[in-house]
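The primary structure of each chain is shown beneath.
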Amino acid sequence: MATFELVAECRETGARAGVLHTAHGDIKTPVFMPVGTQATVKGLTQRDLAEDLDVRVLLANTYHLFLRPGHEAIRRMGGLHRFMSWPRAILTDSGGYQVFSLSGLRKITDDGVTFQSHLNGDRHVFTPESTVDVQLALGSDIMMVLDECPEYPVSHEYARESMERTVAWARTGYAHYRRRTAETAAAQSLFPIVQGSMFPDLRRACTEQLVALEADGYAVGGLSVGEPRPLSLEMVEATGPILPRERPRYAMGVGMPEELPEYVARGIDMMDCVLPSRNARNGYLFTTQGRVIIKHTRYKEDQRPVDEHCGCYTCRNHSRAYLRHLYQAGEILYAALATRHNLTRYLDIMRQIRHAIVLGQFPKYLKAVRAVPVEVE
Ligand SMILES: [Zn+2]
């Protein structure tokens, strides 16, 4: 079971520093969790992640692992930690988000969601109970309940109906989880997910009902679905005062580097996003001075590292010119080096945020990072 310990709180904002204790090690929060969709962070080895980047927790996607190689196969291989040889913590999503992105290939009822595999068209059903069973088989430290993530925008009427379904699924999923873990004494936690689209009243109503489950932690979902960014932050603000102070809070699928401190300022302890790895592969590198678009001709003979203030392997050994060359040539090494740098940047931001909170200097830090331009000048 994941337990949370608050270490420091900012007096001016909602920022918190803490430690999340899991069966696979301690995680200092606020934390950014790299995404390992198919039980791998694309382009990096587990040794890179653990030893060089000091990643304490990874996210894996239930939908993908359910379809291939299958959760029962992973269970027979000793669980996901052993299968992928990752000794530290793992968080899995419920698979709901991926299924809901398959518009046209899925059908929602009050019992769950029927969908067709994007791989071969096979029909499957996810229910609040089955998604708990799949994640128990994977053996993740933190599991998520099945939720409905509505697209943006939707009507208040649909958002309410969808939110009520998410709450009902959370109750069903939780009851099932309690029964299953009573039999197995599994050290796995289950987090419910706050939904309610972009309506603060629905977000509050959802949070109030989920808090009654007395979960080990809570997630805020349905963000970064195309809404303007101030709205996503407002939705997090709506939940903050209702969520229990002594439990971790996870904002799912966020965000850009400049957004990380903004979520932390609103009481978020955990985040995940494909952006650092996906953008790395697409040629976008995040630095302390803004974003570097590596394909630009201006970097053709640039001997400087991607970021002079970064201590990652890529920046210690390679120039922008070399990275640009690898990118242009479509070399595999480019993805590995670029991903390593971008993830280091994200993890560095989280370490700096935590340090600032512990020292009581988070408001000053926030002011300074808000002044950094998005693109390198
Ligand atoms: Zn670097």
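This text follows the structure it describes.
## Remarks on the packing of aromatic side chains
Line of reasoning, step 1. Considering all chains together, one arrives at nine aromatic pairs under this definition.
Line of reasoning, step 2. Considering the side-chain rings of Y63 and F115, the 5.8 Å spacing of their centres and the 55 degrees angle between planes classify their relative orientation as tilted. Placement of the pair is Y63 in helix α2 (residues 62-67) and F115 in strand β8 (residues 113-116), with a sequence separation of 52 residues.
Line of reasoning, step 3. What makes Y63 buried here is its relative accessible area of 2%.
Line of reasoning, step 4. On the basis of an interplanar angle of 65 degrees and a centroid distance of 5.4 Å, the ring pair of Y174 and Y177 is categorised as edge-to-face. Here Y174 and its partner Y177 are both found in helix α7 (residues 156-184), three residues apart, which amounts to about one turn of the helix.
Line of reasoning, step 5. Looking at Y174, the relative accessible area reads 3%, which means it is buried.
Line of reasoning, step 6. Among the aromatic side chains, those forming a connected cluster through ring pairs are Y63, F66, F115 and F126.

## Concerning the side chain of T62
Line of reasoning, step 1. With respect to the secondary-structure elements, T62 resides in helix α2.
Line of reasoning, step 2. Those residues in contact with T62, other than ones at most four positions away along the chain, are T92, D93, S94, G95, V134, Q135 and L138.

## Thoughts on the pairing of strand β6 (residues 89-92)
Line of reasoning, step 1. Along β6, one buried face is formed by A89 and L91 and the opposite face, lined by I90 and T92, is buried too.
Line of reasoning, step 2. In this structure, strand β5 (residues 57-60) lies alongside β6, joined through four bridges in parallel fashion. Within β6, the residue paired with V57 across the bridge is A89.

## Some points on the layout of surface pockets
Line of reasoning, step 1. Of the pockets and cavities examined, the largest pocket occupies roughly 680 Å³.
Line of reasoning, step 2. Elements with a minimum of two residues in the lining of the largest pocket: α5 (96-101) and α11 (275-281).
Line of reasoning, step 3. Here the residues of the lining of the largest pocket are counted per class, giving 13 nonpolar, 14 polar and eight charged.
Line of reasoning, step 4. In this structure, the second largest pocket spans a volume of roughly 420 Å³.
Line of reasoning, step 5. What lines the second largest pocket is a set of 19 residues, and nearest its centre among them are P257, E258, R345, V369 and V372.
Line of reasoning, step 6. Residue composition of the lining of the second largest pocket, by class: ten nonpolar, four polar and five charged.

## Some remarks on the coordination of the zinc ion
Line of reasoning, step 1. Here the zinc ion is held by C310 (SG), C312 (SG), C315 (SG) and H341 (ND1), and the distances to it run 2.1 to 2.3 Å.
Line of reasoning, step 2. Seen from the zinc ion, its four donor atoms lie at angles of 98 to 120 degrees, and the figure they make is tetrahedral.
Line of reasoning, step 3. Taken in sequence order, the residues that donate to the zinc ion follow the motif C-x1-C-x2-C-x25-H.
Line of reasoning, step 4. Assessed through its relative accessible area of 11%, C310 is described here as buried.
Line of reasoning, step 5. When its relative accessible area of 8% is taken as the criterion, C315 is described as buried.

## Structural notes on the environment of T239
Line of reasoning, step 1. Positionally, T239 belongs in helix α9 (residues 229-239).
Line of reasoning, step 2. Separated by eleven residues in the primary sequence, T239 and P228 have C-alpha atoms spaced 18 Å apart.
Line of reasoning, step 3. Apart from the residues within four sequence positions on either side, T239 is in contact with V194, R203, T207 and V220.

## Examining the state of the cysteines
Line of reasoning, step 1. In total, this model carries zero disulfides according to the counting rule given.
Line of reasoning, step 2. There is no disulfide at C149, and the cysteine sulfur nearest it, in C206, is 12 Å away.

Conventions adopted
Residues numbered from 1 in each chain as written. Predicted model: local features only at pLDDT ≥ 70, side-chain atom pairs only at ≥ 80, totals over all residues. Heavy atoms only, no water. Phe/Tyr/Trp six-rings, centres within 6.5 Å; stacked < 30°, edge-to-face > 60°. Helix = DSSP H or I, 4+ residues; strand = E, 2+ residues; numbered from the N terminus. Buried < 20%, exposed > 50% of the residue type's maximum accessible area, 1.4 Å probe, protein only. Contact = heavy atoms within 4.5 Å. Pairing = 2+ DSSP bridges. 1 Å grid on protein atoms, 1.4 Å probe; cavity = no way out; pocket = protein on both sides within 12 Å on 5 of 7 lines; lining within 4 Å. Points joined across faces, edges and corners; volume = space filled by probe spheres on them. Nonpolar A, V, L, I, M, F, W, Y, C, P; charged D, E, K, R; others polar. Donors = N, O, S within 2.8 Å, 3.2 Å for Na, K, Ca; no water. Tetrahedral: all angles 85-135°; square planar, octahedral: opposite > 155°, others 65-115°. Disulfide = S-S within 2.5 Å.

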